[in-house]
Structure formats: C-alpha cells, structure tokens
Amino acid sequence: MIFSTKAIGIGALISAVPVCAASYSQSKVYDSTNFFDEFSFTSDPDPSGGFVKYVDAATAKSSGMAKISNGAVYLGANFADKSTSGRPSTRVKSNDAFTNGLFVADIAHMPAGTGKGGSCGIWPAYWTSGPDWPNSGEIDIIEGVNNQKSNAITLHSAKGCNMDVTGSESTSDQTSADCEDSTSGCSQDTTSANNYGAAFNANGGGVYVTEWASLSINVWFFPRGSAGANAVIDAGTADLDVAKFGAPLASFSGNTCDIAERFKSNNIIFNTNFCGGWASREFLKDESCASLADTCNDWVGNNPTAFNEAYWLVNSVKVYTRNN
C-alpha cells in the first residue's frame, strides 16, 4: 500500500529526483509501552573519552534521568551537581539487532542548550552500531557537537569502503567519502535550519526515516507539522513506500563498498555524551564556547544547570521490513 493523495498533502512528497520504489511493512514498535523493556542501559566507559559517566538502569530511573514523560520516552543527564570525573548521563541500546530495514524515529526533543553557552559541550547521537566495530558498520543518523547548526549524517566501516552520495538533497555536502576514517567516517553535512539542536526542539522536533537496504543507505528528515511528517505518522500501521518521500537528506550508495557485507547486526542507540574527542576539539575552535572555560571538561563539570535541555524525548521508533 502507498500513501493516498490526501495522506501526503496532494503529492507534497513527490520528488524530481528518482528514488527506487520499495514498500515496507511495520514489524516492531518501540514506545512508552515497551521502550525500557526493549532497550538496555550501558554503564561502560565512553569509548570516545567523553566527560561522562553513563549510569545503569536502576540509577537512571531512580534519579529521573530515564522515565516516561507525557507519553514519550525521556532520556536525560544529571543537571544538578558539579562533577570532576564526568557528568552522569544515559546511553541505551536496543536488545534487537538489525541487518537492513526502514527505521522511523518520531522525536520531540533532542539534547541541546538555549541558555548561556548554548549547546557548548554537548555531543548527542541517535545511531546504530554492531558488535565488531568497525567491521559490522555504524550509521550515525543524528549527530553533532556544541553549537552545530544542522545535522551531520555519517557512516563508519572498515578499510576499503567509499560511498557515492548521488541522490542526496542538493543542500547536503559530502565532507568525506572514506568510511574507514575513524575520526570523520564518510559524512554529509546538512543545512536544514530545523533538523538539529535548539531549532529542532523549537519546532517540536520531527521524524527521521532511515532506509538501510543492501545497495544503499538513505536518511530523510520531516519537520514536525510538515506534510511528510504528518503522512508518516498518520500512516499508522499501513505500509510505507519510500518512493513517496522525495530526495533523501543524505543518500549513500556503495562505490567501492558492499553495503550488505559491511553493515550488519546493528543495534539502535541513543546517548548524550559530553566533551570527548570531537566535541572537545571543536569547543576550543568555537569562540563562543572557548570563552566560557579553559576546557570543555571544565565547562561541563562546573555548570550543571547549563545542560537542563540536554535530553531526548522520543515518541516512538518504528521498524519496518521490506516487502519486495
């Protein structure tokens, strides 16, 4: 089944850029009814060296860092106490692992900042990763650091994986084609004003759709209230056809890379990191951040209330399986 004309806002999603038709049926829903049964908390040290202490499920729930808030899943951090060894925060991973599919994330709020310092020190991510990194791949669907204005969508893989980004929205910019680069991966910067950070939150969030197929990985973003967001949300349990979505915000196809071989058995992950390799480097390059403290760690450790907007509010994540 494809969207009716009424559901898609009189063809508002049809794109001039060809997208291969693929219909998907819903197979899994994560929401307020089951999220904390279906996702596990990790309290392992942060692999990027972040100034963060991920807490276990019991601590997260008893402290209010993880809860159901107004029917949505809330994942936050500790905004009350100063810290010299890392800000307590949450990182969760789906118990299920996936190899391809369509993933629809309806997100109302993401970690950001609106007060003094803005988002300086914050490194949020909604992503997938497998157990044998980087050989099983990584898909960074929402990621950025500090006062970054728009989303960066990135893939990571082992040596010998380069991506063609033909078909991405014209405003997206490929910053690297080599997915082996452990620092940058093969990444596309975007320019949409409300797909990330404080602007995303001010608009009530939106819907990120990720198609992970054997020959390509595509990511769309539909702002809250748009025809695209309404069509996907209003579809309910009906099948989704990505041909109706228009040009992806970011499209990756295997140039010298077999996607089916390189990306497999990934879990869905949400986390809020602070500082760490990438964010700390960019903190010192950003005058608005560097003026706050000598280091990213100093700022995050000594100013807990600056991060009271550093939380995820997830309405649902729906997983679809390809019909053809």
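Residues numbered from 1 in each chain as written. Predicted model: local features only at pLDDT ≥ 70, side-chain atom pairs only at ≥ 80, totals over all residues. Heavy atoms only, no water.

### Here we look at the overall build of the protein chain
(1) Moving on: Counting its regular elements, the protein chain contains 8 helices and 20 strands.
(2) Moving on: For the protein chain, whose C-alpha radius of gyration is 19 Å, the value lies close to the compact-globule estimate of 20 Å for 324 residues.
(3) Moving on: Buried positions account for 54% of the 324 residues belonging to the protein chain.
(4) Moving on: By sequence separation, contacts in the protein chain at least 24 residues apart represent 75% of the contacts at least 6 residues apart.
(5) Moving on: Of the roughly 13000 Å² of accessible surface on the protein chain, 49% is carried by carbon and sulfur atoms.
(6) Moving on: Considering the protein chain, the positive charge centre built from 20 side chains and the negative charge centre built from 32 side chains are found 4 Å apart. (Helix = DSSP H or I, 4+ residues; strand = E, 2+ residues; numbered from the N terminus. Rg over C-alpha atoms; globule rule 2.2 N^0.38 Å. Buried < 20%, exposed > 50% of the residue type's maximum accessible area, 1.4 Å probe, protein only. Contact = heavy atoms within 4.5 Å. Areas by Shrake-Rupley, 256 points an atom, 1.4 Å probe, with all protein chains shown as cover. Lys, Arg positive; Asp, Glu negative; His and termini not counted. Charge placed at Lys NZ, Arg CZ, Asp CG, Glu CD.)

### Regarding the packing of aromatic side chains
(1) Moving on: A full pass over the atoms with the stated rule returns 17 aromatic pairs.
(2) Moving on: Pairing Tyr208 with Phe221 gives two aromatic rings, centres 4.7 Å apart and planes at 35°, and the pair type is tilted. Here Tyr208 is found in strand β15 (residues 206–212), whereas its partner Phe221 is found in strand β16 (residues 216–223), with 13 residues between them in sequence. Just as Tyr208 is buried, Phe221 falls in that class too.
(3) Moving on: An aromatic cluster is defined as three or more aromatic residues linked by ring pairs; in this entry it consists of Tyr30, Phe35, Phe36, Phe39, Phe41, Tyr126, Phe270 and Trp312.
(4) Moving on: Over the ring of Tyr74 we find Lys67; its NZ or CZ atom is 4.8 Å from the centre of that ring. (Phe/Tyr/Trp six-rings, centres within 6.5 Å; stacked < 30°, edge-to-face > 60°. Lys NZ or Arg CZ within 6 Å of the ring centre and 35° of its normal.)

### A word on the pairing of strand β4 (residues 66–69)
(1) Moving on: Direction of pairing for β4 relative to strand β5 (residues 72–75): antiparallel, over a ladder of 4 bridges. Bridging from a neighbouring strand, Ala66 pairs with Leu75 of β5.
(2) Moving on: Here β4 hands over to β5 after 2 residues, with Asn70 in that stretch at a positive phi of 50°. (Pairing = 2+ DSSP bridges.)

### Here's the deal with the sheet that holds strand β14 (residues 186–189)
(1) Moving on: Pairing in this open sheet of 8 strands is antiparallel, and the strands run β2-β7-β19-β9-β10-β11-β14-β13 from one edge to the other. Looking at which strands have only one partner, the edges of the open sheet turn out to be β2 (39–41) and β13 (173–176). With strand direction ignored, the average angle separating the axes of adjacent strands in the sheet is 20°.
(2) Moving on: The pairing of β2 with strand β7 (residues 91–98) spans 3 bridges and is classified as antiparallel. (Axes fitted to C-alpha atoms, helices over the stretch in contact; angles between N-to-C directions.)

### Quick look at the pattern of salt bridges
It is possible for side chains bearing opposite charge to pair when their charged atoms get close.
(1) Moving on: With the rule as written, the count across this model stands at 6 salt bridges.
(2) Moving on: Asp96 is the salt-bridge partner of Lys28, the closest N and O atoms lying 3.4 Å from each other. Taken as a pair, Lys28 in strand β1 (residues 23–30) and Asp96 in strand β7 lie far apart in primary sequence, 68 residues in all.
(3) Moving on: Classification of Lys28 as partly exposed rests on a relative accessible area of 23%.
(4) Moving on: Note that Glu261 is salt-bridged to Lys264, the shortest N-O span being 3.3 Å.
(5) Moving on: We classify Glu261 as partly exposed; its relative accessible area is 46%.
(6) Moving on: Among the charged side chains, a salt-bridge network with shared partners connects Lys28, Glu38 and Asp96. (Salt bridge = Lys/Arg side-chain N within 4 Å of Asp/Glu carboxyl O.)

### Regarding the environment of Asp31
(1) Moving on: Within the secondary structure layout, Asp31 lies in the loop between β1 and α1 (35–38).
(2) Moving on: The spacing of Asp31 and Val314 is 283 residues in sequence and 7.6 Å in space, taken between C-alpha atoms.
(3) Moving on: Sequence-distant contacts of Asp31, defined by excluding residues within four places in its chain, comprise Val73, Asn315 and Ser316.

### With respect to helix α6 (residues 276–285)
(1) Moving on: Restricting attention to buried positions, one finds in α6 the residues Gly276, Ala279 and Phe283. For α6, the arc enclosing every buried residue in end-on projection is 50°, short of the 170-degree limit, so these residues lie on one face. Among the exposed residues of α6, those pointing more than 90 degrees away from its buried face are Leu284 and Lys285.
(2) Moving on: Each element contacted by the buried residues of α6 is listed here: β9 (122–129), β19 (266–274), α7 (287–290) and α8 (296–302). (Arc of directions from axis to C-beta.)

### Notes on the nonpolar core
(1) Moving on: Residues Leu75, Tyr126, Met163, Phe263, Ile268 and Phe270 are the most contacted members of the largest nonpolar core, which totals 47 residues.
(2) Moving on: When sequence neighbours within four positions are dropped, the list of residues in contact with Met163 reads Leu155, Gln174, Ala177, Cys179, Cys186, Phe252, Ser253, Gly254, Asn255, Cys257, Ile259 and Phe263.
(3) Moving on: Counting residues in hydrophobic clusters, the runner-up holds 23 residues, among them Phe79, Ile122, Phe283 and Ala310. (Core = buried A, V, L, I, M, F, W, Y, C linked by side-chain atoms within 4.5 Å.)

### So, the state of the cysteines
(1) Moving on: Evaluation of the coordinates by the stated rule reveals 4 disulfides.
(2) Moving on: With a sulfur-sulfur separation of 2.0 Å, Cys120 is cross-linked through a disulfide to Cys289. Taking the sign of the S-S torsion, -85° for the link of Cys120 and Cys289, the bridge is left-handed. One end of the pair, Cys120, is in the loop between β8 (101–109) and β9; the other, Cys289, is in helix α7, with 169 residues separating them in the sequence. (Disulfide = S-S within 2.5 Å.)

Read these as layout, nothing more, since geometry by itself doesn't imply function.
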